[in-house]
Amino acid sequence: MARKKIIAGNWKMNMTPTEAKALVETLAPLVQNPDVDVVYCVPAIDIVPVVEAVKGSNVEVGAENLYIEDKGAFTGEISANMLVDAGVKYVIIGHSERRQYFGETDEFLNKKVLKALEKGLTPILCCGETLEQREAGVTLDWINLQIKSDLQGVTAEQAASIVIAYEPIWAIGTGKTATSDQAQEVCGAIRKTIAEIYDADTAEKIRIQYGGSMNAGNCKELLAKPDIDGGLIGGAALKPDFGQIVNYDK
Ligand code: PGA
């Protein structure tokens, strides 16, 4: 069974609610492709207006973060229940910016993955190596460790439903994309890791994205690789180019 491609925008800390509504309107006619799942992962404050703006369309909405507790005295945090109630279906977990700037550890990220799954949200679990790690030749070991740590306690059935995003840190926002062969090598290794932790069937089902300066020009080659099932798009998700990525196969 062929895996359906999934193209997700990661808006990061961009777009006021007013700008977000305008962007959704601009992109609406451009992002229609029945062969691709389309997701906008948006800042918390944009979730409600964006859910409203995409109603009746093919686009699903994702969050960029969630907290591990259900409710209570956690000033500034947002729970999975709040996201679900607002109409969110996906949540980015473990983006390298959160690991780097907010000190999120694999142990903490594992709790987020479990919480998202418990509440019916689909995690887009990010992993990726630094340039130093790539040059030291430890990329695959590092990614292996991240995936195994972040998926502790996740069942095979749950694992089959999640999305993993391979994002080499040196390629994020730098305009420096991994070559399609480099991206394929790691995405293939991630699928092998999933087969090791679970089984071949789970590995066959799980969707693995590439992220890191993916754009309208390079998406076709990346998405043609056998183990790359989609993209997590930062900069190019804020422009009409996103529509070209969604329609990479046209
Ligand atoms: P980029 O970001 O496409 O701007 O490199 C990707 C990401 O961080 O998810």
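Note that this is a predicted model, so its numbers are computed, not measured. Per chain, residue numbering runs from 1 following the sequence as it is written. Local features are withheld for residues below a pLDDT of 70 in this predicted model, meaning they are given only at 70 or higher, and side-chain atom pairs are given and counted only at 80 or more; totals for whole chains, interfaces and linings count all residues. The side-chain quantities take in all heavy atoms of the structure and omit both hydrogens and water.

Observations concerning the site of the ligand
By nearness alone, 13 residues border the ligand, and K12, H95, E167, G173 and S213 come closest of all. Contact between the ligand and N10: an oxygen atom at 3.4 Å from a side-chain N or O atom of the residue. Pairs of N or O atoms are called polar contacts if they sit within 3.5 Å, as long as, within protein, a hydrogen donor faces a hydrogen acceptor (for residues adjacent in sequence, only side-chain-to-side-chain pairs). The contact in question runs from an oxygen atom of the ligand to an N or O atom on the side chain of K12, over 2.7 Å. Residues are sorted three ways: Asp, Glu, Lys and Arg are charged, Ala, Val, Leu, Ile, Met, Phe, Trp, Tyr, Cys and Pro are nonpolar, and all the rest, Gly among them, are polar. Its residues placed into classes, the shell around the ligand shows four nonpolar, seven polar and two charged. The cutoff for a nearby residue is simple: one of its non-hydrogen atoms must lie within 4 Å of the molecule or strand.

Some words on the nonpolar core
The nonpolar core is taken to be a set of buried Ala, Val, Leu, Ile, Met, Phe, Trp, Tyr and Cys residues, with the residues joined through side-chain atoms within 4.5 Å. Whether a residue is buried, partly exposed or exposed follows from its accessible area with a 1.4 Å probe, protein chains only, as a fraction of its type maximum: under 20%, in between, or over 50%, in that order. Residues Y40, I190 and F242 are the most contacted members of the largest nonpolar core, which totals 64 residues. Residues are treated as being in contact if the distance between any of their heavy atoms lies within 4.5 Å. With sequence-adjacent residues up to four places away left out, Y40 is seen in contact with G9, W11, V24, L27, V31, V50, V54, V59, E60, V61, G62 and F242. In this structure, C41, Y90, I92 and V163 belong to the second largest nonpolar core, which totals eleven residues.

A word on the pattern of salt bridges
A side-chain nitrogen of Lys or Arg and a carboxyl oxygen of Asp or Glu constitute a salt bridge if their distance falls within 4 Å. Summed over the entire model, instances satisfying the criterion amount to 21 salt bridges. R191 is the salt-bridge partner of D229, the closest N and O atoms lying 2.7 Å from each other. Of the two residues, D229 is situated in the loop between α11 (219-223) and β8 (230-233) and R191 in helix α9 (residues 180-197); the sequence distance between them amounts to 38 residues. In this structure R191 comes out as buried when scored by relative accessible area, which is 7%. Under the scheme used here, helices are H or I runs from DSSP no shorter than 4 residues and strands are E runs no shorter than 2 residues, and both carry numbers assigned from the N terminus.

Some remarks on the packing of helix α5 (residues 106-118) against helix α7 (residues 139-150)
In contact at an axis separation of 8 Å, α5 and α7 are set at 50° when each is read in the N-to-C sense. It follows from the interaxial angle that α5 and α7 lie oblique. Note on element contacts: α7 touches α5 through Q146, S149 and D150, opposite D106, L109, N110 and V113. For the contact of α5 with α7, the per-class residue count stands at two nonpolar, three polar and two charged. Only the contacting stretch of a helix is used when fitting its axis, a line to C-alpha atoms as for every element, and angles between N-to-C directions run 0 to 180 degrees. Angles are sorted into four bins: roughly parallel if under 35 degrees, roughly antiparallel if over 145, roughly perpendicular if 65 to 115, and oblique for all others.

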